[in-house]
Amino acid sequence: MASQDFDCIVIGSGIQGSFTAYHLAKKKKKTLLLEQFVLPHSRGSSHGQTRIIRKAYEEDFYVHMMEEAYHLWSQLESEAGVQFHRHAGVLVLGQEKGKAFQAFKKTAEQNHIPNVVLGPQEFSQQIPNMKLASGEGALLDTTAGILYADRALKAVQGVFQSLGGEIKDGEKVAGITPGSVVTVTTASGAYRAKSLVITAGAWANSLLSLVGLQLPLQVLKINVCYWKEKIPGTYSLANRFPCFIHLDSEGAENDIYGIPSNEYPGLMKVCYHSGSQTDPDERDRQTDRSDIAILSNYIARHLPGLETVPAVVESCMYTVTPDNNFILDRHPDHSNIVIGAGFSGHGFKFGPIVGKVLSELSVGQEPSYDLSPFRMQRFHHKSDL
Ligand SMILES: Cc1cc2nc3c(=O)[nH]c(=O)nc-3n(C[C@H](O)[C@H](O)[C@H](O)COP(=O)(O)OP(=O)(O)OC[C@H]3O[C@@H](n4cnc5c(N)ncnc54)[C@H](O)[C@@H]3O)c2cc1C
Ligand SMILES: O=C(O)[C@@H]1CCCC=N1
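Residues numbered from 1 in each chain as written. Chains lettered and ligands numbered in written order. Predicted model: local features only at pLDDT ≥ 70, side-chain atom pairs only at ≥ 80, totals over all residues. Heavy atoms only, no water.

1. Looking at the confidence of the model for the chain
Any residue range with low pLDDT should be treated as having predicted coordinates unsuitable for detailed reading. Our working rule: Every residue carries a pLDDT, the predictor's confidence in it, which falls somewhere between 0 and 100.
Predicted confidence across the chain gives a mean pLDDT of 96, with 98% of residues reaching 70 or more. Across the whole predicted complex the pTM is 0.97, and at the interface the ipTM reaches 0.99.

In structure tokens:
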């Protein structure tokens, strides 16, 4: 077996690992990005047509990260010479007096996020094909839009390679030996590096078991549903229909979100922000479709211009932490092993920032953001770990 030396090895070429590798290559570090599947693939969490990008969040720390994320996404578009970002706006909908809606509104105001609050009358005038329930309000984050996920992932990997980075796909990592030089083994070889970043998505705990760590992560299969417009164009991006996130008063896991029809003409993406537990290697054995019944019901009440049976159902996975915040940290016993995990169904938009801070941790630089919300230590107090 050949043994090859790198400054850094990144395991997992989803959006987080690919952006980490990109930032490391920008720091002139000799970087290897390892991926178990042949690229491109649709077995993880970063594939598919679209993701929402937005500044509207309940927490200030995410808003601060998104300020820079927009610049870095646009920089990548220039570097790759590819457009993968479209402006659309996102409507945050929910019980006007509810905790979650109020938190979004307060954070938007405090952080001067360009937004418009729509009362019931304004809403029905401006968004005629969507119905709100009584007592519900709407906040339009006018900064928001759509990222074309597959295109964006290909772009960041391409720029990484053009900076001298190496991708080895179809190589599943089977062994990790920690130390001042870390050795990573696959069926094809052994690779050595001064530092290691693990960004393995739904497989995080399988990889972490190789270095004596387990995190409180739940892997969920998500049914990605597209619904046919009764009159083509009613909910289209071309007709300026925005994205939406409909907050549920019971908690974020019951939220429903939508993306205007665009990538598949005449079909609008409307999904449930949760799913059923799965083993990532057995994803397609998970056949629970109870979320689709909830979505059909939702569509009948709120989006009357859509048919109530999905036209297309694709699959994806969330890897969820108990508080829905990410894990961005070092291994407690091996400071040259860095972990990015638990992106909880909302991590794509943060890819450029996650990659930036993981690359900083892996080269021993002070991270650009306060990482206290993302430390794994937070779970010790709640004896979740
Ligand atoms: C349906 C859906 C909708 C979403 N919508 C949004 C949205 O609108 N906005 C948003 O910001 N986010 C959204 N997200 C979340 C976002 O897509 C994820 O947070 C993000 O893609 C996670 O990226 P990742 O790199 O952590 O994981 P992944 O993309 O899964 O990458 C991990 C990689 O590691 C590889 N790997 C694992 N084990 C090994 C091994 N042993 N050896 C080598 N390689 C290995 C895997 O094959 C995989 O390629 C959505 C997610 C889903 C599923
Ligand atoms: O992260 C996002 O913006 C989307 C929308 C809400 C549910 C999950 N992802």
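We are not done yet, so read on.
2. Remarks on the pairing of strand S3 (residues 50-53)
Keep this limit in mind: Burial classes: relative accessible area under 20% of the type maximum marks a residue as buried, over 50% as exposed, and values in between as partly exposed (1.4 Å probe, protein chains only). Put simply, DSSP H or I for four residues or longer makes a helix, DSSP E for two residues or longer makes a strand, and each gets a number counted from the N terminus. Only when DSSP finds a minimum of two bridges between them are two strands counted as paired.
Side chains of S3 alternate between two faces, with Thr50 and Ile52 and Arg51 and Ile53 buried alike. Looking at chain direction, S3 and strand S8 (residues 145-148) are connected through four bridges and run antiparallel. Counterpart to Ile52 in the pairing with S8 is Ile146.

3. Comments concerning the site of ligand 2
Going by this rule: Put simply, a residue is near a molecule or strand once any heavy atom of it comes within 4 Å of that molecule or strand. Contacts described as polar in this section are N or O atom pairs within 3.5 Å, which, within protein, must combine one atom able to donate a hydrogen with one able to accept it, while residues neighboring in sequence count only if both atoms come from side chains. Under the convention used here, a 1.4 Å probe and the Shrake-Rupley method define accessible areas, while residue burial counts only the protein chains that appear.
Neighbouring residues of ligand 2: Ile52, Arg54, Ile245, Tyr257, His273, Tyr318, Gly345, His346 and Lys349. Note that an oxygen atom of ligand 2 is positioned 2.6 Å from one of the side-chain N or O atoms of Arg54. In this structure, Lys349 approaches ligand 2 through a side-chain N or O atom, which is 2.5 Å from an oxygen atom. Bound to the protein, ligand 2 loses 93% of the 260 Å² it would expose on its own.

4. Re the pattern of salt bridges
Quick note on the threshold: What makes a salt bridge here is a side-chain nitrogen of Lys or Arg within 4 Å of a carboxyl oxygen of Asp or Glu, nothing more.
With the rule as written, the count across this model stands at 11 salt bridges. The salt bridge partner of Glu282 is Arg285, with a shortest N-O separation of 2.3 Å. Looking at Glu282, the relative accessible area reads 34%, which means it is partly exposed. Through salt bridges with shared partners, one network takes in Arg43, Arg283 and Asp284.

5. Quick word on the packing of helix H2 (residues 60-80) against helix H8 (residues 351-362)
The condition that has to hold: Lines fitted to C-alpha atoms define the axes, with helix axes restricted to the stretch in contact, and inter-axis angles between N-to-C directions lie between 0 and 180 degrees. With respect to orientation, any angle under 35 degrees is reported as roughly parallel, any angle over 145 as roughly antiparallel, any angle of 65 to 115 as roughly perpendicular, and every other angle as oblique. Any pair of residues with heavy atoms lying within 4.5 Å of one another is described as a contacting pair. Throughout this entry, Asp, Glu, Lys and Arg are counted as charged residues, while Ala, Val, Leu, Ile, Met, Phe, Trp, Tyr, Cys and Pro are counted as nonpolar. The remaining residues, Gly among them, count as polar.
Interaxial distance between H2 and H8 falls to 8 Å at its minimum, and their mutual angle equals 100°. When the interaxial angle is binned, H2 and H8 end up roughly perpendicular. Taken together, the residues of H8 that come into contact with H2 (itself represented by Met65, Glu68, Ala69, Leu72 and Trp73) are Gly351, Pro352, Ile353 and Lys356. Residue composition of the contact of H2 with H8, grouped by class: six nonpolar, one polar and two charged.

6. A look at the packing of aromatic side chains
The following threshold applies: Two rings from Phe, Tyr or Trp (for Trp, the six-membered ring) form a pair when their centres are within 6.5 Å of each other. A pair whose planes differ by under 30 degrees is stacked, one over 60 is edge-to-face, and the rest are tilted. Here, a charge over a ring is recorded when the distance from Lys NZ or Arg CZ to the ring centre is within 6 Å and its angle to the ring normal is within 35 degrees.
Under the definition given, this model contains 19 aromatic pairs. Put simply, the rings of Tyr57, Phe61, Tyr62, Phe326, Phe343, Phe350 and Phe374 pair up and form one aromatic cluster. Here Arg54 stacks its cationic end above the ring of Tyr57, 4.1 Å away from the centre of that ring.

7. With respect to the environment of Gly305
Take Gly305: it is sitting in the loop between helix H7 (290-302) and strand S18 (306-320). Overall, Gly305 belongs to the buried group, its relative accessible area being 15%. Between the C-alpha atoms of Gly305 and Lys228, which are 77 residues apart in sequence, the distance is 8.6 Å. Aside from chain neighbours lying at most four places away, what touches Gly305 is Lys228, Glu229, Lys230, Ile231 and Tyr235.

8. Some remarks on H7
Basically, it comes down to this: The span expected for a helix works out to 1.5 Å for each residue beyond the first. Each C-beta atom gives one direction from the helix axis, and the arc is the one those directions make.
The end-to-end C-alpha distance of H7, which contains 13 residues, comes to 19 Å, matching closely the 18 Å that a straight helix rising 1.5 Å per residue would cover. Of all the positions in H7, only Asp291, Ile292, Leu295, Ser296, Tyr298, Ile299 and His302 are classed as buried. Buried residues in H7, looked at end-on, bunch into an arc of 165°, giving them a common side. Along H7, exposed side chains directed more than 90 degrees from the buried face belong to Ala293 and Ala300. The secondary structure elements touched by the buried residues of H7 are strand S7 (136-141), strand S13 (218-229), strand S14 (243-246), strand S15 (256-259), strand S16 (267-272) and S18.

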